[in-house]
Amino acid sequence: MQTRGSGTTRHRSARPVQILSALCLAAALALTGCTGADDGGDSSSNADKAAVAPGSNEAGGGAADSDAGSAKQEQAAAPRLTAHIIHTASLTVQVKDVPKSLAETRTVVENAGGMVGNETTDRDSKGRERSRVVLRVPADKYEEVLTELEGSGKLLDRRAKAEDVTEQVVDVESRIKSQRASVVRIRELMDQATRLSDVVTLEGELSTRQADLESLLAQQASLKDRTSLATITLSLSETPVKKVVEDDDPGFADALGGGWDAFVTMFRWIALALGAVLPFLVGAALLLFLWVRFLRGRTPARPVAAAPSGAGTGSLPVAPPVRGEGDDKD
């Protein structure tokens, strides 16, 4: 009984020691696990960062490449602005036979895809025929047709003009788009309007905007016609042109003309001077007339000096007449 009691006592005393040892071991394992977990987390995060860093660099480089590629694509996709130029020319050509040259001109224009516009034909005092015709040719055939027409005879005069209306064309197109969108908005508001006053106001606004849109469309059509077709005015004549001989030495007629011009110029300046002085002369004459007519008659006369009061008329001595030599003889 004692042996059993002692064994039981030892067994009971050994259990707390085992529990304490187990708790210490568990705590040590827990501490070791937490440290390992922290180290593992840091190492894994570092590893992930190291693994992600190259990828991020590649992604950044890829983004830069994509931006550059998109910019190039935008530049390539952006439509190039087409130049719109109005070509006009005027030619004067001397030919031997106007009807024949006019027929050849029609053929050249028709082969180029153009058309003949206004035509005027007449004759001079000597019966020589003259013709003036307006030609419309495609813009891409303009130079070619112009060269052929110049070579149809003796070129007397050539005038060409090119007007760039690209900005005007772009502006009209933009305004047409805006005006069409405005008309659509007004129509939508008309569909939603319920009051009669609103409908009337919107109808007036719609009419105004449609008129503006039609005006812009007419401008666009005119610009398209003038830029797509060049205009050439051709004058054909059988009349020879005389060369004017220029003489640099002045003659009697030149001197007479110069003198007459100087005389006319001097007379003109004299007339201008008289015209400037005339109002003052008229005013002075008027003042003089008024003074003579009214003021002079009212001015009192000066008194005449009287003779001395003490001297009579009979008391004055009379001088004897002077006798000359002729009196003595008589």
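Worth saying up front: this structure is predicted, and the values here are computed from it rather than measured.

Cut-offs used in this document
- Residues numbered from 1 in each chain as written.
- Predicted model: local features only at pLDDT ≥ 70, side-chain atom pairs only at ≥ 80, totals over all residues.
- Heavy atoms only, no water.
- Helix = DSSP H or I, 4+ residues; strand = E, 2+ residues; numbered from the N terminus.
- Buried < 20%, exposed > 50% of the residue type's maximum accessible area, 1.4 Å probe, protein only.
- Contact = heavy atoms within 4.5 Å.
- Areas by Shrake-Rupley, 256 points an atom, 1.4 Å probe, with all protein chains shown as cover.
- Salt bridge = Lys/Arg side-chain N within 4 Å of Asp/Glu carboxyl O.
- Pairing = 2+ DSSP bridges.
- Axes fitted to C-alpha atoms, helices over the stretch in contact; angles between N-to-C directions.
- Parallel < 35°, antiparallel > 145°, perpendicular 65-115°, else oblique.
- Left-handed = near helix turned anticlockwise from the far one by under 90°.
- Nonpolar A, V, L, I, M, F, W, Y, C, P; charged D, E, K, R; others polar.
- Core = buried A, V, L, I, M, F, W, Y, C linked by side-chain atoms within 4.5 Å.
- Phe/Tyr/Trp six-rings, centres within 6.5 Å; stacked < 30°, edge-to-face > 60°.
- Expected span 1.5 Å × (residues − 1).
- Arc of directions from axis to C-beta.

Visitor: Help me get a handle on the overall build of the protein chain, residues and values and all.
Guide: Along the backbone of the protein chain there are 7 helices and 5 strands. The order of helices and strands in the protein chain, counted from the N terminus, is α-β-α-β-β-α-β-α-α-β-α-α. Residue burial in the protein chain is summarised as follows: out of 330 residues, 15% are buried. Across the protein chain, the fraction of contacts at a sequence separation of at least 24, relative to all contacts at a separation of at least 6, is 78%. Summed over all atoms, the accessible surface of the protein chain reaches about 26000 Å², with 58% contributed by carbon and sulfur.

Visitor: Before we move on, could you go through the environment of Glu 119 and cite the residues and values that matter?
Guide: Topologically, Glu 119 is positioned in strand β2 (residues 115-123). Glu 119 sits 114 residues away from Thr 233 along the chain, and the two C-alpha atoms are 9.7 Å apart. Beyond its immediate stretch of four places on either side in the chain, Glu 119 contacts Leu 102, Arg 106, Ser 131, Arg 132 and Val 133.

Visitor: Account for the pattern of salt bridges, naming residues and giving values.
Guide: Under the defined criterion, the tally for this structure stands at 9 salt bridges. A salt bridge links Arg 136 to Asp 225, with the nearest nitrogen and oxygen atoms 3.3 Å apart. One end of the pair, Arg 136, is in strand β3 (residues 129-138); the other, Asp 225, is in helix α5 (residues 196-228), and 89 residues separate them in sequence. Across the pair Arg 175 and Asp 171 runs a salt bridge, and its minimum N-O distance is 3.8 Å. Placement of both Arg 175 and Asp 171 in helix α4 (residues 166-192) is noted, with a separation of 4 residues, approximately one turn of the helix.

Visitor: Can you tell me about the sheet that holds strand β4 (residues 154-164), naming the residues and giving the values?
Guide: Spatially, 5 strands are ordered β2-β3-β5-β1-β4 in an open sheet, and the strand pairing comes out mixed. Two strands bound the open sheet, and with one partner strand each, they are β2 and β4. Strand-to-strand twist in this sheet, taken as the mean axis angle between neighbours without regard to direction, amounts to 10°. Direction of pairing for strand β1 (residues 85-94) relative to β4: antiparallel, over a ladder of 10 bridges. Bridging across to β4, Leu 91 finds its partner in Arg 158. Against the sheet, helix α2 (residues 98-111) makes contact with β2, β3 and β5 (229-237), and its axis sits at roughly 5° relative to β3, the strand it touches most.

Visitor: Give me the packing of α4 against α5: which residues, what numbers.
Guide: Where α4 meets α5, the axes come as close as 9 Å, and the angle between the chain directions of the two elements is 155°. Of the possible angle classes, the one that applies to α4 and α5 is roughly antiparallel. Pair α4 / α5 crosses with left-handed handedness. The residue makeup of the contact of α4 with α5, split by class, is 13 nonpolar, 6 polar and 8 charged.

Visitor: Give me the lowdown on the nonpolar core, citing residues and values where you can.
Guide: Counting residues in each nonpolar core, the largest one holds 19 residues, and the members touching the most others are Leu 91, Leu 135, Leu 149, Ile 232, Leu 234 and Leu 236. Each residue touching Leu 135, except ones within four places of it in the same chain, is listed here: Thr 105, Val 109, Met 115, Val 116, Leu 149, Ala 230, Thr 231, Ile 232 and Leu 234. Core analysis: the next-biggest nonpolar cluster, separate from the first, contains 12 residues, Ile 186, Leu 202, Leu 206 and Leu 216 among them.

Visitor: Explain the packing of aromatic side chains to me, and be specific about the residues and the numbers.
Guide: Considering all chains together, one arrives at 2 aromatic pairs under this definition. Where Trp 260 meets Phe 263, the ring centres are 5.8 Å apart and the plane angle is 35°; that geometry is what we call tilted. Pair noted here: Trp 260 and Phe 263 are both in helix α6 (residues 252-295), with a separation of 3 residues, about one helical turn. You can call Trp 260 exposed: its relative accessible area is 55%. Residue classification places Phe 263 among the partly exposed positions, given a relative accessible area of 44%. On the basis of an interplanar angle of 25° and a centroid distance of 6.5 Å, the ring pair of Phe 263 and Phe 267 is categorised as stacked. You can see Phe 263 and its partner Phe 267 sitting in helix α6, 4 residues apart, about one turn around the helix. Since its relative accessible area comes to 54%, Phe 267 is described here as exposed.

Visitor: If you had to explain α2 to someone new, which residues and values would you point to?
Guide: With 14 residues, α2 ought to run about 20 Å at 1.5 Å a step, and its terminal C-alpha atoms sit 20 Å apart, in line with that. By the burial criterion, the buried members of α2 are Val 98, Ser 101, Leu 102, Thr 105 and Val 109. Looking straight down α2, one finds that the buried residues subtend no more than 100° of arc, so they occupy a single side. α2 presents Lys 100, Glu 110 and Asn 111 as exposed residues on the side facing more than 90 degrees away from its buried surface. For α2, the secondary structure elements touched by its buried residues are β2, β3, α3 (142-150) and β5. One or two steps after α2, the chain reaches Gly 113, where phi turns positive at roughly 90°.

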